[in-house]
Structure formats: structure tokens, C-alpha cells
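Understanding the architecture of this molecule
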Amino acid sequence: MRAREAGRHIVLPEGTEPRTLQAAAITSREGLARISLLGEPEKAHATARELGVELEGVAVDAVPREGREVETALRAYVERVRHRGIGSEEAREHLADPLLWAAVSVAAGRFDGFVAGAVSTTAQTLRAALRGIGVRSGISRLSSFMLMLTPRTELGEGGALVFADCGVNPEPSAAELAEIAILAAENAREFLQTTPRVALLSFSTKGSADHPRSRKVAEAARIVHARAPELAADGELQVDAALVAAVAASKAAGSPTAGRANVLIFPDLDAGNIGYKLVERLGGARALGPILQGLARPANDLSRGCSVDDIVDVIAVTAVQAAAAR
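In what follows, the accompanying structure is described. (Residues numbered from 1 in each chain as written. Predicted model: local features only at pLDDT ≥ 70, side-chain atom pairs only at ≥ 80, totals over all residues. Heavy atoms only, no water.)

What follows covers the pattern of salt bridges. Here the structure, examined in full by the defined rule, presents 15 salt bridges. For R110, the salt bridge is made with E69, and the minimal N-O distance between the two is 3.2 Å. Separated by 41 residues along the polypeptide, R110 in the loop between α6 (98-107) and β4 (113-116) and E69 in helix α4 (residues 68-81) bring together distant segments of the chain. With relative accessibility at 28%, the residue R110 sits in the partly exposed group. Overall, E69 belongs to the partly exposed group, its relative accessible area being 37%. In this structure, E219 and R222 form a salt bridge, with 3.0 Å as the shortest nitrogen-oxygen distance. With E219 and R222 both in helix α9 (residues 212-227) and three residues apart, the pair spans about one turn of that helix. (Salt bridge = Lys/Arg side-chain N within 4 Å of Asp/Glu carboxyl O. Helix = DSSP H or I, 4+ residues; strand = E, 2+ residues; numbered from the N terminus. Buried < 20%, exposed > 50% of the residue type's maximum accessible area, 1.4 Å probe, protein only.)

Shown next as C-alpha cells:
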């Protein structure tokens, strides 16, 4: 497994949560990543004993409140959030939050990535990631993708596809949609291990319906071509034209991606969130994510309804992201 080969160090700031403890033990035992937990050590070890979980090889530490490490992190964090009107004393209080401490520790290089959300809300996890790590240079907005593993091997790349954005941006502009598409293509190249073929989706194919929403998607496709001319991308396309060769032949003849897309870019969060859940629940797909894209260093959010296996999977994904970012 590529996560095992990556050998990365991932921190889990919800270190006393039962599923997180179980996932940490599995990840460490299987060698998928080095794991550090943030939380009161006595509570973490007591919960692990109740669960029958061995934390061999897993570090458990409380969030430090003083010392050189804290002062170094404080200076870096104040510099990052000064424009928000946050002063030194308020910033010091912020750093007591395990999510934010995990984020600033990732930014400082002490860890390679963090995973949270088993008990924290998405808003809390994203806020920590944005304040503590921030987006990478040249990126305007944080976004996300889903790695969809379907039983339909004739679709995508042997049944695997990347869907974006299904978890962060409610109503992206044409420029933001183009950025989401380019980032999703990078991740498809990394996780599908193949050349990305990107379809920007709409209810219209190549002007079959004239509406501001479909025109936005067509404009996003033009921006993608201008920013990444080497990328195989097309839009606007209906989803059947994007995936089915016979439909593509009649609706979008000559398209570089129609009928064989492995990256689907949804026009807004309504479509993306509904779309991936339909494929998961009705199509029998396995959905990994949402996986964050556009950060300077890796961090990922979990659903509060996640299983132990879900957490292990997201830790592995984060480790692969960290290896790719080096």
C-alpha cells in the first residue's frame, strides 16, 4: 500500500475518542503511518484499556501550554492571523485547542498531516486547517474531492473516479470551479495513478440549453484550458455524455474527455453532495472523503458518523497526500 511506503507521521487531535483510538492502533500495527494522539494521556490509555486496544507505537501527548515550542508556535500563529485582529493573548488561548495545535504543528513540520472530525464539526476542522496551515501559494480557496470506488469497472479508471467539490464550496464562481477542476485533476493523477480526464458537469451539453448556470460551467472549462492547456478537460457536459461513450458520440463528438471521464466536476455543492451520495447508496460505490485540496500541508475532515475503517482510510489518504507534497 502506498501509505505504508510513504512512512509519514500523522497527528490525530481527538486522541481520547474511542474510534480514533482504535484507528490509531490499527494504523500503527499495519505500518500505514506513524501516529501521534493529542489528548490527556491517562484518559486515552484508560479508554484504550476499556476497548481492549493496544497503543503500542502510538505517541499520546497533551497539548502543551507553555515552553519554547508553544512560544515558537505562538509567534508563527499571530503572524498568520494578525489581519483578523487577533492579538497575542487571544492567540495563546486558541492554541489550547487540540485541532489548532495539530494544524500549527503540521505547518511547522512536526507532523506531516492531521485528521479530525470524529467529534468536531466540519466548520471547526476547516477553521483550524485554514488558520493553522492555510492554502498553498497561488490557490484562492480550499476545496475538496471524493474518491469514488464503484463496481462498474467500465466507468472511470477501472471503476474509480474523482468527484469534486462535494464538501466545501456551496456556489463556486466560474474561476473557482476551474481551480477546483485543476486541483481535482492533480489528485486524480496521484490517487488513480493515471492521466486525468476531466468533465465539468451541467444539465446542458455544449450549449444544448442556454442558461446562466450552464454558461458558468462553459466559462469554467475555458479558464481550465487557458490555465492548464495540457489537461484533458471539457465542459459543459451532462453526466451521461461524460461517462458513456455511445451518448458522448451523439452529444459531444470530438470531445477529449466525453464518454471516458474519470474526474467529474459538479457545478455547485448541492449537485456534488447529492451526486456522490446517490452513487454511494444506489450504485453501491465506496466513497472516501471529502478529502481536502488546496492546503499548504495535508489535513482532512471526517464525518462524525465515521467508522473505525473510515478513519484508517482517511489517515492513509493523508499520508499519501503528504508524500506527494514533499
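Let's pick the thread back up.
Right, let's talk about the packing of aromatic side chains for a bit. Counted according to the given criterion, the structure contains two aromatic pairs. With a centroid separation of 5.9 Å and 45° between ring planes, the pair formed by F145 and F191 is classed as tilted. Of this pair, F145 sits in strand β5 (residues 143-149) while F191 sits in helix α8 (residues 174-191), and the two are 46 residues apart along the sequence. (Phe/Tyr/Trp six-rings, centres within 6.5 Å; stacked < 30°, edge-to-face > 60°.)

Counting residues in each nonpolar core, the largest one holds 60 residues, and the members touching the most others are I35, V198 and I265. Element by element, the count of residues in this core is highest for α8, at 10 residues. Membership of the second largest hydrophobic core comes to 30 residues, among which are Y77, L99, L295 and A299. (Core = buried A, V, L, I, M, F, W, Y, C linked by side-chain atoms within 4.5 Å.)

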